[in-house]
Amino acid sequence: MNNSVLVIGGGVAGIQASFDLAEMGFKVYLVEKSPSIGGRMAQLDKTFPTNDCSICILAPKMADCNDHPNIEVLTYSEVKEVTGGAGDFKVKVLKKARLVDEKKCTGCGECTEKCPIKVPDEFNMGLGTRKAAYLYFLQAIPRVALIDQAHCVRITRGPTKDGKPRCGVCLDVCQAGAIDFEQKDEELELNVGAMVVAIGFDPYDPSPLTEYGYGRFKNVVTAMEFERVICASGPTQGHLKRLSQDGRDPKRIAFVQCAGSRDVKHNKYCAAVCCMHATKEAILSREHDPEVQSFVFYTDIRASGKGFQDYVARAEREYGVTYIRGRVSKIDEDSDENPVVHYTDTLAGEVETMQVDLVVLATCLVPRKGAPELARILGIQVDENKFFQSATFSPTESGVPGIFLCGYCQSPKDIPESVTEASAAAMKAAELFNQGQFP
Amino acid sequence: MRMAEFEPRIIAFACNWCAYAAADIAGTSRIHYPPNVRVIRVMCSGMVAPEHISGALESGADGVLVAGCHPGDCHYISGNLKAEEKFQMLKRVTGVLGIEDERVKLKWIATSEGPIFAQTIEEMVEEVKKLGPSPFKLPREFQELEQGNSALTLEDIVQETGTYSCLDCGKCSSLCPIAERDHAYSPFMMVGKALVGFGDEIIHDKKLFSCLGCYACSLRCPGDVDYPAFMQKVRSLAFDAGEQGDPAHGGFLHSVIRLMARSPYKQKRLEWLNENYRTSDQSDVLFFVGCSPYFDPLFKYTGMRTLNITEASLKILNHLGIDPMILPDERCCGHDALWTGDVETFKRLAEHNTKLIKEAGVKKIIFSCPEGYRTFKLEYPNYGFELDCELQHISELLAERIEKDGLKFKACPERIEGTKKKVTYQDPCRLGRHLGIYDAPRKVLEAIPGTELVEMEHNREWSICCGTSAFTNCDFYSHELRTERLLEAKATQAETLITSCSKCQMHFKCAMNNRGEEKGPDVQIEVMDLANLVVNALEDESHE
């Protein structure tokens, strides 16, 4: 039995699990699909209920993770095949070609500045652009650039009529000589004793909720998009601006809760974090602009964690956030692209409309698109909502010996819960190995 | 009961100034006339509405007489002329029902004409004696049973319709076209009342009858509440408790449907059928005509002729090579009865129709009316009336033929070369949100050359109800709703508003007639059924 563990997913849960295992002396392979670890937490501006800067608390963990002698971080990589069983898993990992030599790249950013091709930026939820040669985000770990093969013209359009390769600006400007268009995908074979799955979530696309006009109305955005707008590293450098033509500062913001959650027609379950993140976003909006008035339209306010209820009370008292009990029925738009919210104030029993400047939909959060496929590869089950199935009284156990679960991919939960569960999963993985036999 | 012993019961509505006085004179003059008449004094014969007469028939009157001043002598100048108008309309309806002419009479009787009053009664009693007792008479012991409509309790209804899953979130209410205008009504408040145990309150709440059953709410309800079904079933409890809301036209339409349900008479519902149409007793396709022959007397004043739709639909079927069966004794599908809580009447109608259709041995039924279609498709099976037939709306049939057989149309002949007739389309609630049929009518519209479909702001599942359903809730809010919808249609700059529901058309035309005090903006637009548009675009038979 070897003492390596594979952690799939490099978000805050995966990072925590990796740390815990590494500190216990295990060798950890941390496999992350995207070009950098960090996950969803890296996309947030602040975290509730403390309003800490999210990346500020995460980035040191990311850096330590990368530097830890026992942790091998494999980014831009995917698990493709698993055979064997607990104690002896053989895992085929596809390490996609960055077209940049990780050992040479210094992360200086010259190639990203000079690259002529602009592409919508996924990290910024499609708002704003990045280049075809890019760093995934400002604080990316590992700090290595990569080239988007789907958009780089040298690759997509091939050689010119004269047979010469196109563009190559990045090659020219890279002082470390790290650009390598010959780089190929690598297939790695890992041999691990246990696995921890921590792949997290995707935001639910609210387009099917046609009553809310997402996609039709420019000033109806999702919470994740809003996070990127108010984040200083985002497409507006943290300026709270509307995304419609006028780009003016919104003064009245409606936070529409349960957009696609607790809804038999979309996702039946509660996403667990939206009441809190809407409160946070409402507080932050007032911090950005003291004239902002925020209205949270809720079905219930779920504030069950430590300090959460106080947080909500503070929002009402100190930040003038108005909570209205009523799930928004529909959203129209007036002639100035201002959203008009139709709702029932169920406590007053009044059917009302309210014109606002911006609507933030607290969309449901759903398991990643790749979750069912990963489940198939690992031989674990997904439930009716595509969350990985686990036993009720041992939520970190997947049902397959040696494979453990933590974080949102197991079930909706917030950051503190994810991190706790990650440590639990790490411990369960460690249990498998002989006690005290460290190299 | 032997004919010789039958003593008719005649109800006479007599106007205070002339006819009632005449009856008085007959009495004081000691003129003998049969004691079978029960005189009801009204101030003017003009106030005798069709529903009073049909109501009298429903109560078991063997004959009804309306007596007023001679034209020109009315104490209120023209009241008796109104009486005549209403009476003629009623007679046309009872004519279609097949009720004998002699049972319902109108007579002008002046104050001095006491003997004429006596003679009128004498003659009427004679005639009605010959006809026999009214078939609408219920033996006393059965009259109570009529009230035993609903076998369900409020608890059952809440379970069956998913109402217990209500999140109390209020999402339904701003989607409800009535709740948005009438702030005293909202689906979630009604559900709240039922769930919190105010069972009785909800049954006696007039607002129970505000719901249009349009399904705008349930389409988005995050729980699993089928609010229209809940409301429909609670109305049956209300009906049992004697509540009927405030029906339109004084409840006349409901009265007619109730008569139709219990009537043994041979209806005269196919007078419109002539040699221009082809039908067949051997066909395995039935064209369901429903209650369209009954509406024209009522709605003539709006310029609406429901039979236009029926005729056009039949012509279309013939053009498609279908010579359908048409049943001379089919009855109303029961939609309005069901949606106003009168389950007993609905069951009677459904039973009758089912039996008739089974005996006819048809395999397919085509509807021009979405309400009939919906009722047959969704409600009949719920109450155990199984038909084993394929059911289809005429727009679906046309769409099918367009797609599978390449059915083509010609452009409207009066069009100037190169111009397109802009039309817009009202999705009827019963065809759209109830049955999910949005594409078929649009396919048909798009297939007509020279026609351009411009959608209203609210279309498909966002379509706004025409404002009245089951003739139950025609009030200020429905009028407002209708007017707004017509304005929306106007805003598309379409020439014509196309619907595929006779009721939508009826209600829109009525709104444009601007009856009533609510003088909203005056909107005028041509309203036409899809069938009528299509029938004008059918290619000549010789091309086939």
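Bear in mind the structure is a predicted one, so any value in this text is a computation, not a measurement. (Residues numbered from 1 in each chain as written. Chains lettered and ligands numbered in written order. Predicted model: local features only at pLDDT ≥ 70, side-chain atom pairs only at ≥ 80, totals over all residues. Heavy atoms only, no water.)

## What to know about the interface of chain A and chain B
Each partner contributes to the interface: chain A provides 23 residues, whereas chain B provides 24 residues. Both sides of the chain A and chain B interface together cover about 1800 Å² of buried area, and 49% of this is carbon and sulfur. It is K265, R327 and V351 of chain A in chain A that bury the most area against chain B; as a group they hold 28% of the surface buried on that side. Scanning the region where chain A abuts chain B turns up four salt bridges. R220 of chain B serves as the salt-bridge partner of E211 of chain A, at 2.4 Å between the closest nitrogen and oxygen. Between chain A and chain B we count 15 residue pairs in polar contact (both at pLDDT 80 or more) in total. Elements that contribute at least two residues to the side of chain A that touches chain B include exactly β20 (339-345) and β21 (350-355) of chain A. (Contact = heavy atoms within 4.5 Å. Buried area = accessible area lost by both parts, 1.4 Å probe. Salt bridge = Lys/Arg side-chain N within 4 Å of Asp/Glu carboxyl O. Polar contact = N/O pair within 3.5 Å; in protein donor to acceptor, adjacent residues only side chain to side chain. Helix = DSSP H or I, 4+ residues; strand = E, 2+ residues; numbered from the N terminus.)

## Re the sheet that holds strand β6 (residues 77-85) of chain A
Residues and elements named next belong to chain A. On the basis of which strands lie adjacent, the open sheet formed by three strands has the order β6-β7-β12 and antiparallel pairing. Whereas interior strands pair on both sides, the edge strands pair on one side only; in this sheet they are β6 and β12 (186-192). Shown here is a sheet whose adjacent strand axes are inclined to one another by a mean of 20°, direction ignored. Note that β6 and strand β7 (residues 88-95) share eight bridges and pair antiparallel. Residue pairing in the sheet places V79 in a bridge with V93 of β7. (Pairing = 2+ DSSP bridges. Axes fitted to C-alpha atoms, helices over the stretch in contact; angles between N-to-C directions.)

## A word on the domain arrangement of chain A
Residues and elements named next belong to chain A. Here the domain parsing of chain A yields domain 1 (4-96 + 185-200 + 368-435), domain 2 (110-173) and domain 3 (204-364). Each of domain 1 and domain 3 has a C-alpha centre, and the two are 31 Å apart. Each partner contributes to the interface: domain 1 provides 16 residues, whereas domain 3 provides 21 residues. Taking both sides of the interface into account, the surface hidden between domain 1 and domain 3 amounts to around 1600 Å²; carbon and sulfur atoms contribute 63%. (Domains from an automatic or database assignment.)

## With respect to the pattern of salt bridges
Where side chains of opposite charge bring their charged atoms close, a pairing between them can arise. Within the structure shown, the criterion is met by 59 salt bridges over all chains. Measuring nitrogen to oxygen at the nearest pair gives 3.7 Å for the salt bridge that ties K46 of chain A to D45 of chain A. Judged by its relative accessible area of 22%, K46 of chain A falls in the partly exposed class. The closest approach of N and O atoms between R317 of chain A and E318 of chain A, which form a salt bridge, is 3.5 Å. According to the relative accessible area criterion, R317 of chain A is exposed, its value standing at 60%. On the basis of relative accessible area, E318 of chain A is assigned to the partly exposed category, the value being 48%. Taken together, the shared-partner salt bridges connect E211 of chain A together with K171, R220 and E461 of chain B into one network. (Buried < 20%, exposed > 50% of the residue type's maximum accessible area, 1.4 Å probe, protein only.)

## Considering the state of the cysteines
Evaluated as defined, the whole model comprises one disulfide over all chains. C167 of chain A takes part in no disulfide bond, and the closest cysteine sulfur, belonging to C170 of chain A, lies 6.2 Å away. (Disulfide = S-S within 2.5 Å.)

## Details of the pairing of strand β1 (residues 10-15) of chain B
All names here are of chain B. Within β1, six of the six residues are buried, leaving the element largely enclosed by the surrounding structure. On β1, burial covers both faces: I10, A12 and A14 on one face and I11, F13 and C15 on the other are all buried. Summarising the sheet, β1 and strand β3 (residues 63-68) pair through five bridges and their orientation is parallel. Directly across from I11, in β3, lies its bridge partner V64. Running through helix α1 (residues 19-28), the crossover from β1 to the neighbouring parallel element strand β2 (residues 37-42) is right-handed. (Right-handed = clockwise from strand over helix to strand, strands pointing away.)

## Examining the nonpolar core
Counting residues in hydrophobic clusters, the biggest one holds 100 residues, and the most contacted among them are I357, I365, F376, L398, F409 and V534 of chain B. No other element matches the seven residues that helix α10 (residues 252-262) of chain B contributes to this core. Other than its neighbours up to four places away in sequence, F376 of chain B contacts F288, C333, N353, I357, I365, F367, P381, L387 and L391 of chain B. By size, the runner-up hydrophobic cluster in this structure holds 58 residues, among which are I230, A282, Y319 and L365 of chain A. (Core = buried A, V, L, I, M, F, W, Y, C linked by side-chain atoms within 4.5 Å.)

## With respect to the pairing of strand β19 (residues 330-333) of chain A
All names here are of chain A. Bridge count for β19 against β20 is four bridges, and the pairing is antiparallel. If you follow I331 over to β20, its bridge partner there is V341. Between β19 and β20, which pair antiparallel in sequence order, lie five residues; one of them, E337, sits at a positive phi of approximately 65°.

## Examining the sheet that holds strand β5 (residues 71-74) of chain A
Residues and elements named next belong to chain A. Judged by pairing direction, the sheet is parallel, and its five strands sit side by side in the order β5-β2-β1-β13-β24 without closing on themselves. Looking at the sheet topology across the chains shown, the edges are occupied by β5 and β24 (403-405). On average, adjacent strands in this sheet sit at an angle of 20° to one another, irrespective of strand direction. In this structure, strand β1 (residues 4-8) lies alongside strand β13 (residues 194-197), joined through four bridges in parallel fashion. Each residue of the ladder has a partner; that of I8, found in β13, is V197.

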